[in-house]
Number of protein chains: 2
Amino acid sequence: MFLTLDLNSEIPIYTQIRNQVVMAIAKQELKEGDFLPSVRQMAADLGVNLHTINKAYNILKQEGFLTVHRRKGVVINPTDKYKAEKEYYKNLKEQLEIITSEAVCRGLNSEEINKIIVDIIKDLNNNERGRENEC
Amino acid sequence: MFLTLDLNSEIPIYTQIRNQVVMAIAKQELKEGDFLPSVRQMAADLGVNLHTINKAYNILKQEGFLTVHRRKGVVINPTDKYKAEKEYYKNLKEQLEIITSEAVCRGLNSEEINKIIVDIIKDLNNNERGRENEC
């Protein structure tokens, strides 16, 4: 299982699970049609409450990343189910406004922030290529 | 008062207050030595609980943005008190990793994300210049 939880973090466990699933999709560790463990299985694997997993899966479902089938289980959606749309851009801009404002207060400029983002995307892609080479 | 709260937002009120103070510093609407209302005054102005304001001010204090003087009141710190340091860069990278991963999943590339950030910084600066022209 690719999830590691930080129990000392201020970030709630369900958010940590949500974030790590999204990061795994970005790295293509998880792709269309891949299965995630059932709520019960994931709760047992991670040693957390069923409600916590339910909450994480529900958020990911609302965000379009996965579908919970009663019989088949929890499946990653095709990419067109979570393609950026107007609402998402608004949301992204709001999140970046807060983070960028703090960075500007602390003396960073747009080149420095951009460099961090370029490096993150490079890492996501390397990870992807790394796994392709394994095949 | 420059704060507007969205009571329907999922973002807690104390976080909204914290974010708006940071954005006001980024826009130089708030500068070193400027006073914020006392906890009691701010709570009355916004119609929220004293604890909510206390929580927002405590976070801003821990982040280095302000000092709460028992007599003088709540004062914005000089910029060197909140200049980016190692811990902040780590934190920033973690936040951007989550947001960038989601953006990549949703089909954005680094140029598009960078454009949003450049536009945000332009807006922050425009706001700053706008006020200078007023003087």
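What you see is a predicted model; the values in this text were computed from it and never measured. (Residues numbered from 1 in each chain as written. Chains lettered and ligands numbered in written order. Predicted model: local features only at pLDDT ≥ 70, side-chain atom pairs only at ≥ 80, totals over all residues. Heavy atoms only, no water.)

Caption draft 1: Looking closely at the relation of the copies chain A and chain B. With an RMSD of 0.0 Å, the fit of chain A onto chain B corresponds to turning through 180° and sliding 0.0 Å along the axis. In symmetry terms, the pair is related by a two-fold rotation axis. Residue N114 of chain A of chain A places its C-alpha closer to the rotation axis than any other residue of that unit, at 2.9 Å. Mapped onto chain B, 98% of the interface residues of chain A again fall at the interface, so both copies present the same surface. (Least-squares fit on C-alpha atoms with pLDDT ≥ 70 in both. Contact = heavy atoms within 4.5 Å.)

Caption draft 2: The interface of chain A and chain B, seen in detail. The interface is formed by 40 residues belonging to chain A together with 39 residues belonging to chain B. Both sides together, the interface formed by chain A and chain B hides about 4,000 Å², and carbon and sulfur atoms give 73% of it. The largest share of the area that chain A buries against chain B comes from I99, C105 and R106 of chain A, three residues that together contribute 17% of it. The tally of links from chain A across to chain B stands at 2 salt bridges. Put simply, R18 of chain B and E102 of chain A hold a salt bridge, and the shortest N to O gap is 2.5 Å. (Buried area = accessible area lost by both parts, 1.4 Å probe. Salt bridge = Lys/Arg side-chain N within 4 Å of Asp/Glu carboxyl O.)

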